[in-house]
Amino acid sequence: MVKVTIAGAAGGIGQTLSLLCKLNPDITELSLYDIANAEGVAVDLSHVNSPARATGHQPRDKSDQDALKNSLIGSDIVIIPAGVPRKPGMTRQDLFKINAGIVRSLVGAVAKYCPEALLLIISNPVNSTVVIAAEELKKNNCFNPRKLFGVTTLDLVRAETFLSYELNYPVEDIRGKITVVGGHSGDTIVPLIHINTEISKIVSSKLSPERLENFIHRVQYGGDEVVQAKSGKGSATLSMAYAGYRFTETILNAITGKENKALEPAYIYLPGVPGGEELSRKLGVEYFAVPIEFDNKGEAKRIIFNNNFISKNYEAQMIEIAKKSLTKSIVQGQLFVNGSK
Ligand code: NAD
Ligand code: LMR
């Protein structure tokens with residue numbers, strides 16, 4: 001019995017993510033919350049002949065808290081893609097003004113109505129919204145760092161796809177052999193493609209320095225590619241829904257005892273996850289995306305990261321650059337909830 005709630009379920013990501021979740025036989029209830037059209041999306045999905053029961057929840061007016069409460073009670077997993085997407089010329093951090101408040105209030109409700117749930121944050125800027133979620137959960141005395149994940153899977157999905165193009169190598173043979181660490185924006189996104197000996201050899205023999213640089217740039221700025229191509233009509237929705245589903249499925253697989261193949265990263269509070277405290281000290285940042293192994297409750301069991309993951313000088317340099325940008329976003333998130341001291 002697994003209840004999954006999606007907050008922001010009627011949006012570009014939300015609708016496709018809801019459909020993908022509806023198709024997963026391990027989900028028994030799919031609860032769709034949005035400030036508009038959640039009920040319509042739920043009725044539509046409820047005609048799909050898969051086991052999950054789809055329910056829709058949307059507030060009648062601004063003072064109505066019952067819809068959110070009813071959507072959350074009993075949830076095992078809460079996924080948050082609520083908020084505004086970028087337009088051309090904007091950075092993800094430009095979304096902070098609007099999305100910080102949305103994420104904080106939704107997480108406040110999670111703390112009240114389903115404090116035990118696993119929480120997956122998609123809303124941008126992830127580098128800050130996850131920090132906001134953590135601080136809000138702390139305020140409500142229910143922060144478990146092993147249950148809070150910033151969804152950065154899209155960066156890995158892009159890295160796998162683009163590397164497959166560059167190497168002319170089957171994408172299914174790349175999955176599980178590379179990862180992406182750091183954060184989720186521009187220079188905080190650090191692809192690590194020398195973890196596996198076989199892939200590392202092919203990369204070294206086939207990728208010229210120019211093509212390597214091009215590959216890294218596409219992974220770091222893949223989001224911009226989509227924002228520009230959609231010319232003001234939003235950012236990545238379909239690839240993100242796939243990525244968000246892939247991460248959710250990884251957790252569901254852990255809960256139901258199925259094998260997980262990929263090195264799935266997520267942006268987490270490092271000191272709170274086994275293996276993360278030492279890495280956090282070494283890096284000098286508290287939040288960082290790293291690959292994770294999950295236990296049978298879907299919680300982060302340990303981080304999967306060792307010294308062999310960073311074998312090239314350019315990778316170490318990228319990590320240094322990522323840390324600088326991350327530190328600013330982390331402080332911004334902390335100040336939003338706690339104010340300046
Ligand atoms: P969208 O505008 O299509 O959908 C957002 C939905 O959120 C809308 O249906 C809206 O009604 C809803 N919403 C707004 N405020 C809400 C609230 N208080 N409670 C519940 N629902 C609320 O946007 P989208 O394209 O689906 O993107 C959503 C977010 O995901 C954006 O912030 C975007 O930047 C982010 N995103 C993250 C990643 C990632 O890799 N983590 C990738 C792509 C997009
Ligand atoms: C992405 O990486 O596609 C998302 O974070 C959306 C964006 O704003 O680029």
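First, a word on what this report is: a plain description of the structure on this page. Predicted model only: the values in this text are computed from it and were never measured.

## Examining the site of ligand 2
Move 1: Surrounding ligand 2, one finds R86, R92, N124, L154, R158, H184, G223, S235 and A236.
Move 2: A distance of 2.6 Å separates an oxygen atom of ligand 2 from a polar side-chain atom of R86.
Move 3: The side chain of R92 places a nitrogen or oxygen atom 2.8 Å from an oxygen atom of ligand 2.
Move 4: For ligand 2, whose accessible area on its own is 260 Å², the fraction buried by protein is 96%.
Move 5: Residues belonging to the shell around ligand 2 are distributed by class as follows: 2 nonpolar, 4 polar and 3 charged.

## A short note on the pairing of strand β1 (residues 3-7)
Move 1: Where burial is concerned, most of β1 is hidden: 5 out of the 5 residues are buried.
Move 2: The two faces of β1 match: K3, T5 and A7 on one face and V4 and I6 on the other face are all buried.
Move 3: In the sheet, β1 pairs with strand β2 (residues 29-33) via 5 bridges, with the strands oriented parallel. Bridge pairing in β2 places I6 opposite L32.
Move 4: At this point the chain moves from β1, through helix α1 (residues 12-22), to the parallel β2, and the crossover so formed is right-handed.
Move 5: As defined by bridge partners, β1 adjoins strand β4 (residues 77-80) across 3 bridges and the pair is classed as parallel. Looking at β4, one finds that I6 is bridged to I79.

## Side note on the site of ligand 1
Move 1: The environment of ligand 1 is made up of 27 residues, and the closest members are G12, I13, D34, V84 and N124.
Move 2: With respect to ligand 1, the backbone of G83 contributes an N or O atom lying 3.3 Å from an oxygen atom.
Move 3: Between a nitrogen atom of ligand 1 and a main-chain N or O atom of V151, the distance comes to 3.2 Å.
Move 4: Coverage of ligand 1 by the protein chains reaches 86% of its 860 Å² of free accessible surface.
Move 5: Comparing atom positions with the cavity grids shows ligand 1 to sit within the largest pocket.
Move 6: When residues of the shell around ligand 1 are traced back to their parent elements, those giving at least two are α1 and α4 (96-113).
Move 7: With 3 residues, α4 is the largest single contributor of residues to the shell around ligand 1.
Move 8: Taken together, the residues of the shell around ligand 1 break down into 17 nonpolar, 9 polar and 1 charged.

## Considering helix α8 (residues 209-229)
For an α-helix the count is 3.6 residues per turn, leaving residues at separations of three or four pointing the same way.
Move 1: Along α8, the sharpest change in direction is near 65° and occurs at Y221.
Move 2: Contacts from the buried residues of α8 go to α6 (153-167), β8 (189-192) and α11 (313-338).
Move 3: Positive backbone phi, at 40°, marks S231, one or two positions downstream of α8.

## Examining the nonpolar core
Across soluble globular proteins, you tend to see nonpolar side chains buried next to one another.
Move 1: The biggest cluster of nonpolar side chains holds 109 residues, and the ones touching the most others in it are F149 and L163.
Move 2: The element best represented in this core is helix α9 (residues 238-255), accounting for 8 residues.

## Concerning empty space enclosed by the protein
Move 1: Applying the stated criterion across every chain, the model contains 1 cavity of 30 Å³ or more.
Move 2: Put simply, the largest cavity is a space of about 60 Å³.
Move 3: Here the residues of the lining of the largest cavity sort into 8 nonpolar, 1 polar and 1 charged.

## A short note on the environment of K22
Move 1: Here K22 is to be found in helix α1.
Move 2: Here K22 falls in the buried class, since its relative accessible area comes to 1%.
Move 3: C-alpha separation for the pair K22 and S50, spaced 28 residues apart in sequence, amounts to 6.7 Å.
Move 4: Setting aside anything within four residues of it in sequence, one finds K22 in contact with L30, L45, S46, V48, S50, A52 and A54.
Move 5: Of the polar contacts made by the side chain of K22, one reaches the backbone oxygen of V48; its length is 3.0 Å.
Move 6: A distance of 2.9 Å separates a polar side-chain atom of K22 from the backbone oxygen of A52.

Conventions used here
- Residues numbered from 1 in each chain as written.
- Chains lettered and ligands numbered in written order.
- Predicted model: local features only at pLDDT ≥ 70, side-chain atom pairs only at ≥ 80, totals over all residues.
- Heavy atoms only, no water.
- Near = heavy atom within 4 Å.
- Polar contact = N/O pair within 3.5 Å; in protein donor to acceptor, adjacent residues only side chain to side chain.
- Areas by Shrake-Rupley, 256 points an atom, 1.4 Å probe, with all protein chains shown as cover.
- Nonpolar A, V, L, I, M, F, W, Y, C, P; charged D, E, K, R; others polar.
- Buried < 20%, exposed > 50% of the residue type's maximum accessible area, 1.4 Å probe, protein only.
- Helix = DSSP H or I, 4+ residues; strand = E, 2+ residues; numbered from the N terminus.
- Pairing = 2+ DSSP bridges.
- Right-handed = clockwise from strand over helix to strand, strands pointing away.
- 1 Å grid on protein atoms, 1.4 Å probe; cavity = no way out; pocket = protein on both sides within 12 Å on 5 of 7 lines; lining within 4 Å.
- Sits in = over half its atoms within 2 Å of the grid points.
- Bend = angle between axes of the 7 residues up to and from the residue.
- Contact = heavy atoms within 4.5 Å.
- Core = buried A, V, L, I, M, F, W, Y, C linked by side-chain atoms within 4.5 Å.
- Points joined across faces, edges and corners; volume = space filled by probe spheres on them.

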